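Observations on the three-dimensional arrangement
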Protein chains: 2
Amino acid sequence: MARKSGSNGEKTAKELRKAATVLFAKNGYAAVSMRQIAREVGVQAGALYLYTPDKQALLFDLMDEHMQDILQAWEGRAQPHAITPIERLKCFVRFHIRFHLPRADEVFISYMELRNLTPENFEVIQSARRTYEAILHDILSDGQADGTFKLVDTKVATFAIIAMLTGMNTWYRGEGRLSLDMVEDIYLDMVLSAAGAKR
Amino acid sequence: MARKSGSNGEKTAKELRKAATVLFAKNGYAAVSMRQIAREVGVQAGALYLYTPDKQALLFDLMDEHMQDILQAWEGRAQPHAITPIERLKCFVRFHIRFHLPRADEVFISYMELRNLTPENFEVIQSARRTYEAILHDILSDGQADGTFKLVDTKVATFAIIAMLTGMNTWYRGEGRLSLDMVEDIYLDMVLSAAGAKR
DNA sequence: GTCTATACGTCGATAGAC
DNA sequence: GTCTATCGACGTATAGAC
């Protein structure tokens, strides 16, 4: 990375976020130093403090932005109001996969670095996560009520389905034998079956 | 923790492993210092190096022992040879849940601290994990072959089911509204349905 | 906006007394 | 088997020059 000169504030701010995301995901928040991040950005460590009050705020901002992005992306998705629970569930599964897969680093951080947040910051992120889980839970509850789904417990099913879907990030790489469309169909099939819906 | 005097080697060794497990799980390997661990054990930091050559070996030993424990527990489980794929799958799900739930710290470490292993140590742990995943994959393949299961892809299903089951560790606490037996039944139901098996 | 220099603490690991 | 003392490196964060 070459040194910069002159005014680069906006660009540096963006590069800082990107470098921190990559390094935190790869090595973990606690194992990454501000000096490492600065080296990646191409500035000295002290200059980073023009863009973040401290390292903790940097982590929190990355996680908070990620959670806000998810919720906003869901609100503004293409299909605003599917009719049946089964269509809504399909819509959710596709959304989850398509949103999470291209953001492997952000997803990884948001799951792995929860324990490195201060209690106050932790609560904010957890609250956003609960909001997201509630989206799926509402779908399952509605489908359960009208007989579309046959679940023993909708709350457990919410956790199970999200864990199953997010787990894809740990193994899927675009270069493998399966295209994104194929994987999407495979997970759709398993989720609908797990929910007790006929296909 | 009270100070010790006299010969306590064996006891200290065990306490070291326990303290490291708890602290690594709670705060992360990189964020925990040898001094913290020593304080928990009740000795000075230097004394820890009688029991481990360095911090990395300590992490690896914990993870390796955990993986070996899983594999040995599976080999020596009560039901040595179930007949049908469906019974074998039920057996696996019950085993996974019953083994992982009481070992929340070890499971957490084994998933979260992979990136803090040296490449050589990482390969050892990954190999053990693949061995474990192959157990489930064999069951799914056999059931697929004889028509018991209806899966689009048994490899993806292996990842999906393990992620779903292990995800339980992130939310289940014994004090909630659901007993272990109930949760086991809920997950059994979802796994069998996801595999396309009739109940 | 970025640099250099630095304060000050803590880290992993070792040496040698007991 | 454990202690105290210590080494050299590195951590976050700040101050002040340019």
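Residues numbered from 1 in each chain as written. Chains lettered and ligands numbered in written order. Predicted model: local features only at pLDDT ≥ 70, side-chain atom pairs only at ≥ 80, totals over all residues. Heavy atoms only, no water.

1. Side note on the relation of the copies chain A and chain B
This is how it is decided: Each copy is superposed on the other by least squares, with the fit set by C-alpha atoms of residues at a pLDDT of at least 70 in both.
Laying chain A over chain B is done by rotating through 180° and shifting 0.0 Å along the axis; what remains is an RMSD of 0.0 Å. The transformation just described matches what one would write down for a two-fold rotation axis.

2. Description of helix α8 (residues 180-194) of chain A
What counts here: Labels follow the DSSP assignment, with helices taken as runs of H or I lasting at least four residues and strands as runs of E lasting at least two, numbered in each case from the N terminus. Helices are assigned an expected span. That span is 1.5 Å times one less than the residue count. Buried means the residue's accessible area, taken with a 1.4 Å probe over protein chains only, is under 20% of the maximum for its type, while exposed means over 50%, and partly exposed covers the values in between. Residue contacts follow a heavy-atom distance rule, with two residues in contact if any of their heavy atoms lie within 4.5 Å.
Helix length check: α8 of chain A (15 residues) gives 21 Å between terminal C-alpha atoms against 21 Å at 1.5 Å per residue, within 8%. Most of α8 of chain A sits inside the fold, with eleven of its 15 residues counted as buried. Buried residues of α8 of chain A: V183, E184, I186, Y187, L188, D189, M190, V191, L192, S193 and A194 of chain A, and no others. Turning to α8 of chain A, the residues buried within the fold contact α4 (85-100) and α7 (154-166) of chain A together with α7 (154-166) and α8 (180-194) of chain B.

3. Considering the pattern of salt bridges
The criterion, for reference: Whenever a carboxyl oxygen of Asp or Glu lies within 4 Å of a side-chain nitrogen of Lys or Arg, that contact is scored as a salt bridge.
Evaluation of the coordinates by the stated rule reveals 18 salt bridges over all chains. Ionic contacts of the salt-bridge type, sharing partners, join the residues R94, R98, D181 and E184 of chain A into one network.

4. Side note on the nonpolar core
Put simply, the test is: Only buried residues count toward a nonpolar core, which is a set of Ala, Val, Leu, Ile, Met, Phe, Trp, Tyr and Cys residues joined through side-chain atoms within 4.5 Å.
Ranked by internal contacts, the top residues of the largest apolar core, which has 129 residues, are I37 and Y187 of chain A together with I37 and Y187 of chain B. Beyond its immediate chain neighbours, meaning those up to four positions away, Y187 of chain A contacts I97, M164, L165, M168 and W171 of chain A together with V156 and A160 of chain B.

5. Re the interface of chain A and chain B
Condition: By convention, the term buried area covers the 1.4 Å-probe accessible surface removed from two parts as they join, with the contributions of both added. Polar contacts, as used here, are pairs of N or O atoms within 3.5 Å; protein pairs need one atom able to donate a hydrogen and one able to accept it. Residues neighboring in sequence count only if both atoms are side-chain atoms.
In this complex, chain A contributes 34 residues to the contact, which on the side of chain B involves 34 residues. For the pair chain A and chain B, the two sides together bury roughly 2700 Å², of which 68% comes from carbon and sulfur. Measuring nitrogen to oxygen at the nearest pair gives 2.9 Å for the salt bridge that ties R115 of chain B to E113 of chain A. Counting across the interface, chain A meets chain B through eight residue pairs in polar contact (both at pLDDT 80 or more). Listing elements by their share of the side of chain A that touches chain B, those giving two or more residues are α1 (9-27), α5 (104-112), α7 and α8 of chain A. With seven residues, the top contributor of residues to the side of chain A that touches chain B is α7 of chain A.

6. Some thoughts on the protein's contact with DNA strand C
Convention followed: Proximity criterion: a residue is near a molecule or strand once any of its heavy atoms comes within 4 Å of it.
In the vicinity of DNA strand C lie 18 residues, with Q44, L50 and Y51 of chain A together with M34 and Y49 of chain B positioned nearest. Close to the protein, within 4 Å, the atoms of DNA strand C are drawn from sugar and phosphate at a rate of 64%. With respect to DNA strand C, the side chain of S33 of chain B contributes an N or O atom lying 3.1 Å from a phosphate oxygen. A distance of 2.8 Å separates a phosphate oxygen of DNA strand C from a polar backbone atom of M34 of chain B.

7. Considerations on the protein's contact with DNA strand D
Put simply, the rule reads: Only Asp, Glu, Lys and Arg are considered charged, only Ala, Val, Leu, Ile, Met, Phe, Trp, Tyr, Cys and Pro nonpolar, and every remaining residue, Gly among them, polar.
Among the 18 residues in the neighbourhood of DNA strand D, the closest are listed as M34 and R35 of chain A together with Q44, L50 and Y51 of chain B. Among atoms of DNA strand D positioned within 4 Å of the protein, sugar and phosphate together represent 64%. Measuring from a phosphate oxygen of DNA strand D, one finds a backbone N or O atom of V32 of chain A at 3.5 Å. One of the side-chain N or O atoms of Y51 of chain B is found 2.4 Å from a phosphate oxygen in DNA strand D. Counted by class, the surface near DNA strand D contains seven nonpolar, six polar and five charged residues.

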